[in-house]
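Inside the fold
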Amino acid sequence: MSYTSFGEYVRILRIKHHEVMGDLASVLGASLPFLSAVENGKKNVPMDWFTKITNHYQLNKQEQEELAEAIEESKTQFKITAIKAGNTQRKAALKFARSFDEMDDETAEKILKLLSKKENN
């Protein structure tokens, strides 16, 4: 079974607090199958879960940042707002979206390196 970053993070929290998946599902107001689907990356993490998990486990600032990052890394869908984008940027976004499923790790690494250089300048 493959867990997302979110799935791994909340599983560690549950173990640390001697809880099972059903306990967390109750806290979140979710069914066990839905929580499982979220942990396995078949569904996005609902927006209100961050607050519910943070409050339930009384997460400190660093733990909240780790949870937020795990949620971000586990998204199954992304939205790009192109209001300020020019035609070339729109074409690049569409080309990326269309070729995403077939992209290999080597190409993804090249894109990450290219974008990292832009951030550091």
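From a predicted model like this one, the values you see are computed outputs, not experimental measurements.

Another aspect to go through is unusual backbone geometry. Positioned with a positive phi, H18 is a non-glycine residue whose angle comes to about 55°. Overall, the relative accessible area of 74% leaves H18 in the exposed class. One non-glycine residue, Q58, adopts positive backbone phi at about 50°. Considering the arrangement of structural elements, one finds Q58 in the loop between α4 (49–57) and α5 (61–73).

Glancing now at the side chain of E39. For E39, the location among the structural elements is in helix α3 (residues 32–39). Other than its neighbours up to four places away in sequence, E39 contacts S2, Y3, T4, F6, G7, V10, R14 and M21.

Thresholds, definitions, all that
Residues numbered from 1 in each chain as written. Predicted model: local features only at pLDDT ≥ 70, side-chain atom pairs only at ≥ 80, totals over all residues. Heavy atoms only, no water. Buried < 20%, exposed > 50% of the residue type's maximum accessible area, 1.4 Å probe, protein only. Helix = DSSP H or I, 4+ residues; strand = E, 2+ residues; numbered from the N terminus. Contact = heavy atoms within 4.5 Å.

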